Amino acid sequence: MRHLIRFAAVPALLAAAACAHGPEAPPPPPNYALPDAQPAGPHARLYADCIRLAAAAGHYQQVIDGGDELLLFTCSGSIAEAFWAALEPHSAAMDSGWEHDGRRYRSTARVQRNLIGVDYCTVDASGGDARCVLTFNAGDFLIAGD
């Protein structure tokens, strides 16, 4: 009798497993409602000013990396100096500062693998020559043909 119960239980378990691993439900349709936005804070102004200055000076490049299509905006001068200074407490708290090739860096997020997609500011060894590089995720349109 005990073997009969085992034999009866096996098909029931297989049927349950088949249901658990059946086709996944289709994803819900896209939500085209505009996201809730709020007034931008002072750090947003640093981003906007840096991007505006970089674009006006033609200091932007594109990076295509494994499916990421990015624009990199590089600003310098007083905006980069202000951005560098504002990053100090954030970078210290996140341990997102480092030195490389005679320059000091602070980033808005910790570097995981490389600098692709990481916003950062840098200064030379004396604390001068501030520059910031900000990443804009452009998407496929950046490399789409006309």
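For the structure itself, look to the data block above.
Because the structure is a prediction, the values reported are computed rather than measured.

Draft legend 1. Representation of the pattern of salt bridges. All told, the structure shown has seven salt bridges when counted by the stated rule. The partner of Asp65 in a salt bridge is Arg113, and the shortest N-O contact between them spans 3.8 Å. Here Arg113 lies in the loop between β4 (103–107) and β5 (120–124) and Asp65 lies in strand β1 (residues 60–65), a separation of 48 residues in the sequence. As a salt-bridge pair, Asp95 and Arg110 come within 3.9 Å of each other at their nearest N and O atoms. Pair noted here: Asp95 is in the loop between α3 (78–94) and β3 (97–100) and Arg110 is in the loop between β4 and β5, with a separation of 15 residues, a long-range link. Among the ionic contacts, a cluster of salt bridges with common partners joins Arg45, Asp49 and Arg52.

Draft legend 2. Quick peek at the packing of helix α2 (residues 42–57) against α3. Look at α2 against α3: their axes get within 10 Å of each other, and the N-to-C directions meet at 150°. When the axes of α2 and α3 are compared, the pair comes out roughly antiparallel. Where α2 crosses over α3, the two elements pack in a sense that is left-handed. Between α2 and α3, the contacting residues are His43, Leu46, Tyr47, Asp49, Cys50 and Leu53 on the first element and Ile79, Ala82, Phe83 and Ala86 on the second.

Draft legend 3. Quick look at the environment of Trp98. Positionally, Trp98 belongs in strand β3. According to the relative accessible area criterion, Trp98 is partly exposed, its value standing at 26%. Residues Trp98 and Thr122, spaced 24 residues apart in sequence, show a C-alpha to C-alpha distance of 9.5 Å. Excluding anything up to four places from it in sequence, Trp98 contacts Arg103, Arg104, Tyr105, Ser107, Val111 and Leu115.

Draft legend 4. Just the pairing of strand β6 (residues 131–137), in detail. When strand β2 (residues 68–76) meets β6, the two strands line up antiparallel, connected through seven bridges. Directly across from Phe73, in β6, lies its bridge partner Leu134. By the bridge criterion, three bridges tie β5 to β6 in an arrangement that is antiparallel. By the bridge assignment for β6, Cys121 is matched with Cys132.

Conventions we followed
Residues numbered from 1 in each chain as written. Predicted model: local features only at pLDDT ≥ 70, side-chain atom pairs only at ≥ 80, totals over all residues. Heavy atoms only, no water. Salt bridge = Lys/Arg side-chain N within 4 Å of Asp/Glu carboxyl O. Helix = DSSP H or I, 4+ residues; strand = E, 2+ residues; numbered from the N terminus. Axes fitted to C-alpha atoms, helices over the stretch in contact; angles between N-to-C directions. Parallel < 35°, antiparallel > 145°, perpendicular 65-115°, else oblique. Left-handed = near helix turned anticlockwise from the far one by under 90°. Contact = heavy atoms within 4.5 Å. Buried < 20%, exposed > 50% of the residue type's maximum accessible area, 1.4 Å probe, protein only. Pairing = 2+ DSSP bridges.

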